[in-house]
Amino acid sequence: MLDTRELGRRPGSQRDVVRTVPAPAELGIEVLRVPEGSPVELDLRLEAVMEGVLVSGSASAELVGECARCLEPIQEMTQVRFQELFVYDDVRHDPQDAELDDEVSRLEDDLLDLEPLLRDAVVLALPFRPLCEEGCPGLCIECGARLADDPEHAHDEPIDPRWASLTALQDVVPHDPSTTQE
Ligand SMILES: [Zn+2]
Ligand SMILES: [Zn+2]
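On a predicted model such as this, the values are computed, not experimentally measured, just so you know.

(A) View of the coordination of the zinc ion (ligand 2). Looking at the zinc ion (ligand 2), the protein donor atoms are Cys-140 (SG), Cys-143 (SG), His-153 (NE2) and His-155 (NE2), and they sit 1.9 to 2.2 Å from it. Here the zinc ion (ligand 2) is ringed by four donor atoms whose angles at the metal span 103 to 122°, and the overall shape comes out tetrahedral. All donors of the zinc ion (ligand 2) belong to a single chain; written as a sequence motif, their spacing is C-x2-C-x9-H-x1-H. Here Cys-143, found in the loop between helix 2 (115-125) and helix 3 (161-172), pairs with His-155, found in the loop between helix 2 and helix 3; they are twelve residues apart in sequence, far enough to count as distant.

(B) Examining the coordination of the zinc ion (ligand 1) more closely. Donor atoms from the polypeptide that coordinate the zinc ion (ligand 1) comprise Cys-67 (SG), Cys-70 (SG), Cys-132 (SG) and Cys-136 (SG), at 2.3 Å from the metal. Each donor residue of the zinc ion (ligand 1) belongs to the same chain, with the gaps between them written as C-x2-C-x61-C-x3-C. With Cys-67 in the loop between strand 6 (52-66) and strand 7 (73-87) and Cys-136 in the loop between helix 2 and helix 3, this residue pair connects regions lying 69 residues apart in the sequence.

(C) Region of interest: helix 2. If you check which residues of helix 2 are buried, you get Leu-117, Leu-118, Ala-121 and Val-122. Angular distribution of buried residues about the axis of helix 2 spans 125°; they occupy a single face of the element. For helix 2, the secondary structure elements touched by its buried residues are strand 3 (27-29), strand 5 (39-48), strand 6 and strand 7.

(D) Layout of the nonpolar core. Judged by nonpolar contacts, the single largest core of 33 residues is most densely connected at Phe-82, Leu-112 and Leu-114. Listing elements by their share of this core, those giving two or more residues are strand 4 (32-34), strand 5, strand 6, strand 7 and helix 2. Every residue in contact with Phe-82, bar those within four places of it in the chain, is listed here: Leu-44, Val-55, Ser-56, Gly-57, Ser-58, Ala-59, Leu-114, Leu-117, Leu-118 and Ala-121.

(E) Spotlight on the pairing of strand 7. Here strand 6 runs beside strand 7; their pairing, made up of 15 bridges, is antiparallel. Paired with Gly-65 across the two strands is Ile-74, which belongs to strand 7. Pairing analysis gives two bridges linking strand 7 to strand 8 (residues 105-106), with the strands arranged parallel. Note on strand 8: the bridge partner recorded for Val-87 is Arg-106.

(F) Expanded view of the side chain of Ser-13. Note on placement: Ser-13 falls in the loop between strand 1 (2-3) and strand 2 (14-22). Looking at Ser-13, the relative accessible area reads 15%, which means it is buried. Only 2.8 Å separates the side chain of Ser-13 from the backbone oxygen of Arg-10, close enough to count as a polar contact. The residues contacting Ser-13, other than those within four sequence positions of it, are Leu-7, Leu-46, Glu-47 and Ala-48.

(G) Quick peek at a negative patch on the surface. Residues Glu-26, Glu-30, Glu-36 and Glu-66 make up a contiguous surface patch of negative charge. Relative to the helices and strands, Glu-30 is located in the loop between strand 3 and strand 4.

(H) Focus on the side chain of Arg-15. Of note, Arg-15 is situated in strand 2. A polar contact is formed between the side chain of Arg-15 and the backbone oxygen of Asp-3, at a distance of 2.7 Å. Of note is the side chain of Arg-15, whose polar atom sits 3.5 Å from the side chain of Glu-6. For Arg-15, the residues in contact, after removing those within four places along its chain, are Asp-3, Glu-6, Leu-7, Leu-44, Arg-45 and Leu-46.

(I) Broad picture of the pairing of strand 5. On strand 5, burial follows the alternation: Val-40, Leu-42, Leu-44, Leu-46 and Ala-48 on one face are buried, whereas Pro-39, Glu-41, Asp-43, Arg-45 and Glu-47 on the facing-out side are not. Strand direction decides the pairing type here: strand 5 and strand 6, joined by nine bridges, are antiparallel. Counted as the bridge partner of Leu-46 is Val-55 from strand 6. Here strand 5 folds back onto strand 6, and the loop between the two strands holds three residues.

Cut-offs applied
- Residues numbered from 1 in each chain as written.
- Chains lettered and ligands numbered in written order.
- Predicted model: local features only at pLDDT ≥ 70, side-chain atom pairs only at ≥ 80, totals over all residues.
- Heavy atoms only, no water.
- Donors = N, O, S within 2.8 Å, 3.2 Å for Na, K, Ca; no water.
- Tetrahedral: all angles 85-135°; square planar, octahedral: opposite > 155°, others 65-115°.
- Helix = DSSP H or I, 4+ residues; strand = E, 2+ residues; numbered from the N terminus.
- Buried < 20%, exposed > 50% of the residue type's maximum accessible area, 1.4 Å probe, protein only.
- Arc of directions from axis to C-beta.
- Contact = heavy atoms within 4.5 Å.
- Core = buried A, V, L, I, M, F, W, Y, C linked by side-chain atoms within 4.5 Å.
- Pairing = 2+ DSSP bridges.
- Polar contact = N/O pair within 3.5 Å; in protein donor to acceptor, adjacent residues only side chain to side chain.
- Patch = residues over 30% accessible without salt bridge, like charges linked within 9 Å, V, L, I, M, F, W, Y side chains within 5 Å.
- Areas by Shrake-Rupley, 256 points an atom, 1.4 Å probe, with all protein chains shown as cover.
- Salt bridge = Lys/Arg side-chain N within 4 Å of Asp/Glu carboxyl O.
- Lys, Arg positive; Asp, Glu negative; His and termini not counted.
- Charge placed at Lys NZ, Arg CZ, Asp CG, Glu CD.

Any functional reading would require information that these geometric values do not contain.
In structure tokens, the structure reads:
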């Protein structure tokens, strides 16, 4: 919540706000999100206009998630920009416009709730399928190895050398007493 009373409802008056706030719960999407409570840096300008307060600026936060192809953890910074007009809650509005009115952000007692705006801006900025790197080749469909770690990866040979020793063990394990006597 930001207090806009300092602006005195004088059109043209403005205030810059730089503030770090803890991230609200469920900021982002399942596969890529801002951890709850982690710092979100806000860099805002509040500007009084006739009908309310215009908010513009940016928010920076750390995102965590996992690659949609190889499941590698992703950790990166994101910065989103936004601009929104918050209308004074006592500004009279045309009842004909009731439908439109629902979509307008409103100040409550000259307090401004930034959370819905932040939430929308972050979700819009996120990729639908986050990747650890552009063109991540994903996982090997045969053995599940992460192909980005091993681009030469192939299964032309019937047995991957890394598994050869295991296979050798398997050949020995089912001891058949009748064949072990020389
Ligand atoms: Zn990946
Ligand atoms: Zn493989």
